[in-house]
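Each chain is listed here by its residues.
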Number of protein chains: 2
Amino acid sequence: MKLKIAVLAGDGIGPEVTAQAIKSLKAIADVYGHSFEFQEALVGACAIDATGNPLPKETLSLCEQSDAVLFGAIGHPKYDNDPSAKVRPEQGLLALRKSLGLFTNIRPVKAYPTLLEKSPLKREIIEGTDFTIYRELTGGIYFGEKKLNSEGTIASDLCEYSEGEIERIAHLAFKAARQRRKKLTLVDKANVLETSRLWRKVVTQLGKSYEDVTLDYLFVDNAAMQMILNPSQFDVILTENMFGDIISDEGSVIGGSIGLLASASVGEGSAMFEPIHGSYPQATGKNIANPIASILSAAMLLEHFGLKEEAQTIQSAVEFALEKNVVTTDLHQESTYGTIQVGDFIAHCIAETD
Amino acid sequence: MKLKIAVLAGDGIGPEVTAQAIKSLKAIADVYGHSFEFQEALVGACAIDATGNPLPKETLSLCEQSDAVLFGAIGHPKYDNDPSAKVRPEQGLLALRKSLGLFTNIRPVKAYPTLLEKSPLKREIIEGTDFTIYRELTGGIYFGEKKLNSEGTIASDLCEYSEGEIERIAHLAFKAARQRRKKLTLVDKANVLETSRLWRKVVTQLGKSYEDVTLDYLFVDNAAMQMILNPSQFDVILTENMFGDIISDEGSVIGGSIGLLASASVGEGSAMFEPIHGSYPQATGKNIANPIASILSAAMLLEHFGLKEEAQTIQSAVEFALEKNVVTTDLHQESTYGTIQVGDFIAHCIAETD
Ligand SMILES: [Mg+2]
Ligand SMILES: [Mg+2]
């Protein structure tokens, strides 16, 4: 397969972890005979510094012309510490999501056997956890009409959803469930919200075309509890924007390491892959950042294009590195491996795949 | 002090656990020379059976004439299994909250030393946790305008808040913090929502009158993480209705036993106290239901009326029962104590207070 991949490494540790993901992708290309073409562009604080714009035109058009975007991280203390700054690195990411129409955010949560000790949850609870959250990313209350009366004493936010917005992400979630353990959980608040009732109606209707997938429903408050009490019950979770924000952040901590968590944002014609961690400026250039989340986001990229075996090869290489304790110090304090060494080890494992 | 207390024991295990709370309150009255008058009334399924109405007029007027309402639990399988039933037990509770103007829900979360094993969180994380959530209960998206277009393809829910709605609960939360560890955390999503920005503005402004209380802010998605990663950091959490629903349910499971969790719902002139658990129909009449949540709701009642020492006496008696393993089988499988025996033991401890 030929893929044109835009590399937006961004700020802080973004470039160093993304470099490891590229190593893995190159190793995959070699082993499986694919042709991946990488082209870099600026985004975030480094783009502001160079052009004044967190998402320069050239970057956007490169992304539009590419099959996928491999994203690093953005953000720099000089902007974080200046709340009055009008141009901010994060705007680059938001503008990119919007311009590319990335309406679905995908977040896998997996408990790795060697890292159960790191979880805040007891071993018997977190063990076996392996689910993916499909969060609607461009609708709902975050993007609805906002009002403040002229006296500044009454404020409102509108949550709105249309059938079409629900259907397009629901199809993706059902298809994902089909490739996994065939269970889809819709998280909503249908006992109270009109939008949730629409979600429930549309998803239930669509479920009839995915008869092999078991569909169940969970109110968001109950979901917040079940995530702690019994996270291994979940396979694919589908939910609207704000519930997804809360639930997926809650889900991100139960595994015990944010340094392992990748994500994808998918639209009609574009897809972007990134670690969920930030730019971690304090660690920049020290060769201590954990590259695994970025490497796993490369695996998600492969899976997105139907390259299941290739994605699994990266997954297995990562699991092997975890087993052998070839990890950065955030996972194993006494480790002598740095970002580059972990990246090399994983790429080497991939290269040795027969 | 003279208090007129309406007792709405409700359905299922409601009556049996409420009876234990009354025992404790009577013991307190004896020890401290108070006069508590208890009057019973129907609510929920039993009220539907008797009158056709889950909140009969006589019940509401009794509550209006009382200083406080001691509430049990409502719900019966014959209604749960019939989603088409137009008259439902839960309507009794919603109507009561609305009629009494109970705009604040208060939920304490506490990790008891003898029960740390029951928590889904690791001991070192849950240990020392002791916070209270103040949740706005009558505004926000749950009560805002709901719309569905005539084709049934576009739905919306409006989240609205006014300065006044925020101020009245914020005062209660600041006052509570003052009586505790003097820290108040506002949970919002002020980086995205207009209503959250109003919450932040109003609460920040009000904070100037509570200089002894440290005010901080947390986005709701981060709060959902912090509740798992480091719950002992919290003292008083203040938040709007829907965030409070999610966060307080999440908080309810970290302690490990829902059978210990009490709550209060407070309005301008009324206040209601209840366990957070449901009517648990399968356990009804078997003398196995845990009465502690109901007994702790009685302690919250006392605290509400400024009877701090009395509330503490109940708390201490409960802690003594936990230490001595005088608990129902949900907390200790081999226990031979039932609902009544636990209630008697706690009332007895209170009676022996000098
Ligand atoms: Mg978030
Ligand atoms: Mg709830």
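Look up: the structure comes first, before these words.
First things first, this report covers the structure right here in the doc.

Rules and cut-offs
- Residues numbered from 1 in each chain as written.
- Chains lettered and ligands numbered in written order.
- Predicted model: local features only at pLDDT ≥ 70, side-chain atom pairs only at ≥ 80, totals over all residues.
- Heavy atoms only, no water.
- Helix = DSSP H or I, 4+ residues; strand = E, 2+ residues; numbered from the N terminus.
- Rg over C-alpha atoms; globule rule 2.2 N^0.38 Å.
- Buried < 20%, exposed > 50% of the residue type's maximum accessible area, 1.4 Å probe, protein only.
- Areas by Shrake-Rupley, 256 points an atom, 1.4 Å probe, with all protein chains shown as cover.
- Core = buried A, V, L, I, M, F, W, Y, C linked by side-chain atoms within 4.5 Å.
- Contact = heavy atoms within 4.5 Å.
- Donors = N, O, S within 2.8 Å, 3.2 Å for Na, K, Ca; no water.
- Axes fitted to C-alpha atoms, helices over the stretch in contact; angles between N-to-C directions.
- Parallel < 35°, antiparallel > 145°, perpendicular 65-115°, else oblique.
- Left-handed = near helix turned anticlockwise from the far one by under 90°.
- Nonpolar A, V, L, I, M, F, W, Y, C, P; charged D, E, K, R; others polar.
- 1 Å grid on protein atoms, 1.4 Å probe; cavity = no way out; pocket = protein on both sides within 12 Å on 5 of 7 lines; lining within 4 Å.
- Points joined across faces, edges and corners; volume = space filled by probe spheres on them.
- Pairing = 2+ DSSP bridges.

## Some remarks on the overall build of chain A
Then comes step 1: Along the backbone of chain A there are 13 helices and twelve strands.
Then comes step 2: Rg of the C-alpha trace for chain A: 20 Å, near the compact-globule value of 20 Å for 354 residues, within the 12% margin.
Then comes step 3: Considering only C-alpha atoms, chain A reaches an extent of 50 × 50 × 40 Å along its principal axes.
Then comes step 4: Taking all 354 residues of chain A together, the buried fraction comes to 58%.
Then comes step 5: Surface accessibility of chain A: about 14000 Å² in total, with carbon and sulfur atoms responsible for 50%.

## So, the nonpolar core
Then comes step 1: Leu-238 of chain A together with Leu-238 of chain B are the most contacted members of the largest nonpolar core, which has 190 residues in total.
Then comes step 2: With residues up to four places along the chain from it excluded, the contact list for Leu-238 of chain A reads Tyr-134, Ile-169, Ala-170, Ala-173, Leu-184, Thr-185, Leu-186, Val-187, Trp-199 and Val-203 of chain A.

## Topic: the coordination of the magnesium ion (ligand 1)
Then comes step 1: The coordination sphere of the magnesium ion (ligand 1), as far as protein atoms go, consists of Asp-245 of chain A (OD), Asp-249 of chain A (OD) and Asp-221 of chain B (OD), spread over 2.1 to 2.2 Å. Remark: Asp-249 of chain A and Asp-245 of chain A occur in helix 10 (residues 241–254); sequence separation between them is four residues, near one turn of the helix. Like Asp-249 of chain A, Asp-245 of chain A is buried.

## What about the packing of helix 10 of chain A against helix 10 (residues 241–254) of chain B?
Relative placement of two packed helices is described by the angle separating their axes and the distance separating the axes.
Then comes step 1: At a minimum axis separation of 12 Å, helix 10 of chain A and helix 10 of chain B run at an interaxial angle of 25°. What the angle tells us is that helix 10 of chain A and helix 10 of chain B run roughly parallel. With respect to the hand of their crossing, helix 10 of chain A and helix 10 of chain B are arranged in right-handed fashion. In contact with Met-242, Phe-243, Ile-246 and Glu-250 of chain A of helix 10 of chain A, helix 10 of chain B contributes Met-242, Phe-243, Ile-246 and Glu-250 of chain B.
Then comes step 2: Here the residues of the contact of helix 10 of chain A with helix 10 of chain B are counted per class, giving six nonpolar, no polar and two charged.

## As for the packing of helix 7 (residues 163–179) of chain A against helix 8 (residues 194–207) of chain A
All names here are of chain A.
Then comes step 1: At a closest axis distance of 10 Å, the pairing of helix 7 and helix 8 adopts a crossing angle of 45°. Judged on the interaxial angle alone, helix 8 and helix 7 are oblique. Every pair of crossing elements has a handedness; the one defined by helix 7 and helix 8 is right-handed. On helix 8, the residues that touch Glu-163, Ile-166, Glu-167, Ile-169, Ala-170, His-171 and Phe-174 of helix 7 are Leu-198, Trp-199, Val-202, Val-203, Leu-206 and Gly-207.
Then comes step 2: Taken together, the residues that form the contact of helix 7 with helix 8 break down as nine nonpolar, two polar and two charged.

## A short note on the layout of surface pockets
Then comes step 1: Of the volumes computed, that of the second largest pocket is approximately 1800 Å³.
Then comes step 2: In this structure, the second largest pocket is lined by 47 residues; those nearest its centre are Asn-191 of chain A together with Glu-90, Leu-93, Leu-94 and Arg-97 of chain B.
Then comes step 3: Taken together, the elements giving at least two residues each to the lining of the second largest pocket come down to helix 9 (220–229) of chain A together with strand 3 (68–73), helix 5 (89–100), strand 4 (102–110), helix 10 and strand 12 (271–275) of chain B.
Then comes step 4: No other element matches helix 5 of chain B, which puts six residues into the lining of the second largest pocket.

## A few points about the sheet that holds strand 11 (residues 262–267) of chain B
What holds strands together in a sheet is hydrogen bonding between their backbones, with the strands either parallel or antiparallel.
Residues and elements named next belong to chain B.
Then comes step 1: A sheet is described by the order of its strands in space; here ten strands give the open sequence 2-1-3-12-11-4-5-10-8-9, paired in mixed fashion. For this open sheet the edge positions go to strand 2 (35–40) and strand 9 (214–219), each flanked by a neighbour on one side alone. Averaged over neighbouring strand pairs, the angle between their axes works out to 25° when direction is ignored.
Then comes step 2: Pairing between strand 8 (residues 183–188) and strand 9: six bridges, direction parallel.

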